[in-house]
Amino acid sequence: MRLLFLVWIASSAPVNCIGATPVFAGVDEKTWCLSAESFAQLINPKAKAVIVVDPYGNMPDMDSIREVARRHGIAVIEDADEAIGSEYRGRKAGSFGEIGVFSFHGSKTLTTGEGGMLVTNREDVYRRGLFLRDHGRNPGDKMFWNAEAAYKYKMSSMQAALGLAQLERIDELVERKRQIFNWYKSELGSIPGITLNYEAPEYEKHLLDGDSSP
Ligand SMILES: Cc1ncc(COP(=O)(O)O)c(C=O)c1O
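Residues numbered from 1 in each chain as written. Predicted model: local features only at pLDDT ≥ 70, side-chain atom pairs only at ≥ 80, totals over all residues. Heavy atoms only, no water.

**Quick look at the overall build of the protein**
- In terms of regular secondary structure, the protein is built from six helices and seven strands.
- Principal axes of the C-alpha set define a box for the protein whose edges measure 65 × 45 × 30 Å.
- Counting contacts in the protein only where the partners sit at least 6 residues apart, residues at least 24 apart contribute 51% of the total.
- About 13200 Å² of surface is accessible on the protein, with carbon and sulfur atoms providing 56% of the total.
- Positive and negative charge centroids in the protein, built from 25 and 29 side chains respectively, lie 5 Å apart. (Helix = DSSP H or I, 4+ residues; strand = E, 2+ residues; numbered from the N terminus. Contact = heavy atoms within 4.5 Å. Areas by Shrake-Rupley, 256 points an atom, 1.4 Å probe, with all protein chains shown as cover. Lys, Arg positive; Asp, Glu negative; His and termini not counted. Charge placed at Lys NZ, Arg CZ, Asp CG, Glu CD.)

Here is the structure:
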């Protein structure tokens, strides 16, 4: 098996930041997404979570990856930073793991300049996130009462308002990305030696979030 690697440091650096060790798995040559086979081969007893990246709005074979993770009791975290609006078998990007994350960096389809969003259906993760992002302060707790040394990861209300306004026109933003991708396809698609992003028929997605300089 020939392995390819494709990653931006932001997907793996948080692993080091909490004192854990990232192990890099290969991507599928056709889809450029995490290979379920490579992931399965790398699992060891210390593995706690897999971070699945949706590169350029594309999405991996989530069914196979989730099945491998389930068999080994490993949590799935979906880095959907480049895939807002994408779908896999009718389900939205960001909704496949215990946690999904999105970036709203200036290069992304939906941008607030900087910042991002964490989504989860787990109440405990949601509560812990609210606590950690505000210097270890429980929402509604006494002013300047910090129970733990944590982080300041809050988005400003002005950025959030900008993001909400863009969310209302997400279909239009995604459509524009598809149009741009189709320009690339028609100009470059038939040139020997050039391979463009693969679009599997069962996926609906936009491609190319224009992210050349994170
Ligand atoms: C796949 C992926 N993960 C993580 C990030 C990091 O996003 P941010 O810069 O908003 O933290 C990016 C942004 O470039 C990305 O493309």
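**What to know about helix H3 (residues 62–72)**
- Taken together, the buried positions of H3 are Met 62, Ile 65, Val 68 and Ala 69. One side of H3 carries all its buried residues, which in axial view fall inside an arc of 135°. Seen from the buried face of H3, the exposed residues on the opposite side, beyond 90 degrees, are Arg 70 and Arg 71.
- Turning to H3, the residues buried within the fold contact helix H2 (36–42), strand S1 (49–53), strand S2 (75–79) and strand S3 (87–88).
- Just downstream of H3 lies Gly 73, where phi reads positive at about 65°. (Buried < 20%, exposed > 50% of the residue type's maximum accessible area, 1.4 Å probe, protein only. Arc of directions from axis to C-beta.)

**Observations concerning the sheet that holds strand S6 (residues 116–120)**
- Reading across the sheet, the four strands line up as S1-S2-S5-S6 and stay open at both edges, with mixed pairing between neighbours. Taken across any chain shown, the strands that pair with only one partner, and hence form the sheet edges, are S1 and S6. Averaged over all adjacent pairs, the angle separating strand axes in this sheet is 20°, with direction ignored.
- Looking at chain direction, S2 and strand S5 (residues 99–103) are connected through three bridges and run parallel. Its bridge partner being in S5, Asp 79 is matched across the sheet by Val 101. (Pairing = 2+ DSSP bridges. Axes fitted to C-alpha atoms, helices over the stretch in contact; angles between N-to-C directions.)

**Section: the side chain of Ser 35**
- The residue Ser 35 is located in the loop between helix H1 (9–17) and H2 in this model.
- Assessed through its relative accessible area of 10%, Ser 35 is described here as buried.
- The residues touching Ser 35, leaving out its near neighbours within four places in the chain, are Gly 26, Val 27 and Asp 28.

**Here's the deal with the site of the ligand**
- Around the ligand there are 13 residues in total, and Asp 79, Asp 81, Glu 82, Ser 103 and Lys 108 lie nearest to it.
- Within the side chain of Glu 82, a nitrogen or oxygen atom sits 2.5 Å from an oxygen atom of the ligand.
- Between an oxygen atom of the ligand and a side-chain N or O atom of Ser 103, the distance comes to 2.6 Å.
- Here the ligand, which alone exposes 400 Å², has 81% of that area covered by the protein.
- Residue classes in the shell around the ligand are distributed as four nonpolar, four polar and five charged. (Near = heavy atom within 4 Å. Polar contact = N/O pair within 3.5 Å; in protein donor to acceptor, adjacent residues only side chain to side chain. Nonpolar A, V, L, I, M, F, W, Y, C, P; charged D, E, K, R; others polar.)

**Brief notes about H1**
- Taken residue by residue, H1 has Ser 11, Ser 12 and Val 15 as its buried positions. Taken around the axis of H1, the buried residues stretch over an arc of 70°, which confines them to a single face. The outward face of H1, more than 90 degrees from its buried face, is lined by the exposed residues Ile 9 and Cys 17.
- Packed against the buried residues of H1 are S1 and S2.

**Notes on the pattern of salt bridges**
- A complete count under the given rule lists 11 salt bridges for this structure.
- Two residues, Glu 98 and Arg 122, come together in a salt bridge whose shortest N-O distance is 2.6 Å. Of this pair, Glu 98 sits in the loop between strand S4 (91–92) and S5 while Arg 122 is found in the loop between S6 and helix H4 (123–132), placing the two residues 24 residues apart along the sequence.
- Between Glu 123 and Arg 127 there is a salt bridge whose closest N-O contact spans 2.9 Å. Of this pair, Glu 123 and Arg 127 both sit in helix H4, separated by four residues, roughly a single helical turn.
- In this structure, a network of salt bridges that share partners links the residues Glu 67, Arg 70 and Arg 71. (Salt bridge = Lys/Arg side-chain N within 4 Å of Asp/Glu carboxyl O.)

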